[in-house]
Amino acid sequence: MSESQIEADETVDARGAACPGPLMDLIGKIRDVDAGTVVLLLSDNEQSRTDVPEWAEEAGNELLAVEEREDHYEFYVEKS
Amino acid sequence: MTEDIVIVGGGTGGTVLANDLADRLEPELDAGDVRITLVNDDPDHVYKPVWLYVPFGQREPEDGRRRLQSLVDDAVDVRIDRVTDIDTDAQQLRYHEADEPIDYDYLVLATGSTLAPEEIPGLAEAGHDYYSEEGSEALREELLSFTEGDLVLSVVGTPHMCPAAPLEFVFMADDWFRERGLREDVDITYTYPIQRVHGNPHIAEWARPIMEERDIEIETFFNAESVDPASETITSMEGTDLDYDLLVTIPPHRGIDLIAEAGLGDKGWVEVDKHTLEAEAAENVYALGDTADTGVPNAGSVAHYQAGVVGQRLASEIRGRPATATYDGKTLCFIETGMDAASFVEFDYENPPSPAPPSQKLHWSKLAYNESYWLTARGLL
């Protein structure tokens, strides 16, 4: 369970992927899921910290939380 | 005992590797200690970069085809067949045209990319592309008679083959319409899925001002969700609608199903160690080119360099020596910036690209390389 206590319905593990891989992996997953689904993206790419919030806002999806782990970030995005 | 190396896929990566191994392992091949089989489901080898020029009436798809057998060293067994099943535990695979499974000692997957326009409603019906022979010919029919209206180039999915080609297409179209006095009647719009015009920030930073200077409209954060052929509109997940008169897209790409079925990776891309190119999920399996999920561009130069690494590693393993060759992410691309100018980039995992100032010399270098590519396929260049 994450510190944010948010339960993800789907997880995309993009650790190790070069930019823009993590964001594209997230977009690909959001395409496939229904509205209301919470997707957890794991990324160790610094660029994701700006890419993911910017895209979530642009696409009207909600970035519920960003957690900083020892060697990666966790982004919780809910499809609108 | 003869050791069997099977290479699946006769594109750039598989063909260069087969010739590389034929050269490196000549003594073992002569002695019958090693057998190399190159399997391809088409008797022809296809050089895809030719397709960029087809819609502009500058090349023919046939220019990118040669008989695979004519490009490959005689010491390699070329098999025109389709692999239908891979069992990495038993180290066996099945061919469509054979009843019994075949054993392998080393397997290299170089099966490349396929197009999946059906993933976006309306795209297969309404969108044109230059990422296939038939697509580039159909686009030529439209483009050569297109004299006014909205031309939209939409990058629908990444990763896709040749990440520079969408930029090249709009740069070439801009120049081509200008030369013909039609540019004022043609609006060109370029869409890209993320907030930049290219996945690589250095190339994006270089390309954007050129696009702005040349009045190429830019729509970033545009992930196509559907296309309506009746109203000629493409709609993004982000809620933007674009009207078009001619829609050119880079359709979603996928690897082949066989790879996911074999448990080697999702969507047809093999999960590999990005330095050794060994599959993460199986022993004695390598992947290269588009098939290897390394995060570097899906480009012929990548497949070419990776083939050299896999060739060295396999030769070491066959000879019982530690395999030390590694892939450093080396990528090399010419980027057309018009009908008679091009740039050039070279980069790797550690060093980012720095696009060269566009020049006619680089354009001619690109065309010259495209002609001499057949030497690369033969393992000579």
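Residues numbered from 1 in each chain as written. Chains lettered and ligands numbered in written order. Predicted model: local features only at pLDDT ≥ 70, side-chain atom pairs only at ≥ 80, totals over all residues. Heavy atoms only, no water.

S.K.: Hey, could you run me through the environment of His 96 of chain B in this one?
M.R.: All names here are of chain B. Among the structural elements, His 96 can be located in the loop between strand S7 (92-95) and strand S8 (102-103). A sequence separation of 14 residues divides His 96 from Arg 82, and the C-alpha atoms of the two residues are 5.4 Å apart. In contact with His 96, not counting residues within four places along its chain, are Asp 81, Arg 82 and Thr 84. (Helix = DSSP H or I, 4+ residues; strand = E, 2+ residues; numbered from the N terminus. Contact = heavy atoms within 4.5 Å.)

S.K.: Would you take a moment to explain the domain arrangement of chain B for this structure?
M.R.: How large an interface is tends to be reported as the accessible area lost when its parts come together. Residue and element names in this part refer to chain B. Domain annotation of chain B identifies domain 1 (3-113 + 255-318) and domain 2 (124-252). With 18 residues of domain 1 at the contact, the number on the domain 2 side is 21 residues. In total, about 1700 Å² of surface goes out of reach between domain 1 and domain 2, with carbon and sulfur atoms giving 69% of it. Linking domain 1 with domain 2 are two salt bridges, by the criterion used here. Here Glu 60 and Arg 140 are joined by a salt bridge, their closest N and O atoms 3.2 Å apart. Summed over the shared surface of domain 1 and domain 2, the result is three residue pairs in polar contact (both at pLDDT 80 or more). Its residues assigned to classes, the side of domain 1 that touches domain 2 shows 10 nonpolar, three polar and five charged. (Domains from an automatic or database assignment. Buried area = accessible area lost by both parts, 1.4 Å probe. Salt bridge = Lys/Arg side-chain N within 4 Å of Asp/Glu carboxyl O. Polar contact = N/O pair within 3.5 Å; in protein donor to acceptor, adjacent residues only side chain to side chain. Nonpolar A, V, L, I, M, F, W, Y, C, P; charged D, E, K, R; others polar.)

S.K.: Quick question: what am I supposed to make of the pairing of strand S12 (residues 186-191) of chain B here?
M.R.: For a regular strand, side chains alternate in direction, first toward one face of the sheet and then toward the other. Residues and elements named next belong to chain B. Most of S12 sits out of view: five of its six residues are buried. Pairing geometry for strand S11 (residues 149-155) and S12, over six bridges, is parallel. Its bridge partner being in S12, Asp 150 is matched across the sheet by Asp 187. Since S11 and S12 lie parallel, the crossover through helix H6 (residues 165-179) that links them has a hand, and here it is right-handed. Handedness of the S12-helix H7 (residues 201-213)-strand S13 (residues 216-219) crossover: right-handed. (Buried < 20%, exposed > 50% of the residue type's maximum accessible area, 1.4 Å probe, protein only. Pairing = 2+ DSSP bridges. Right-handed = clockwise from strand over helix to strand, strands pointing away.)

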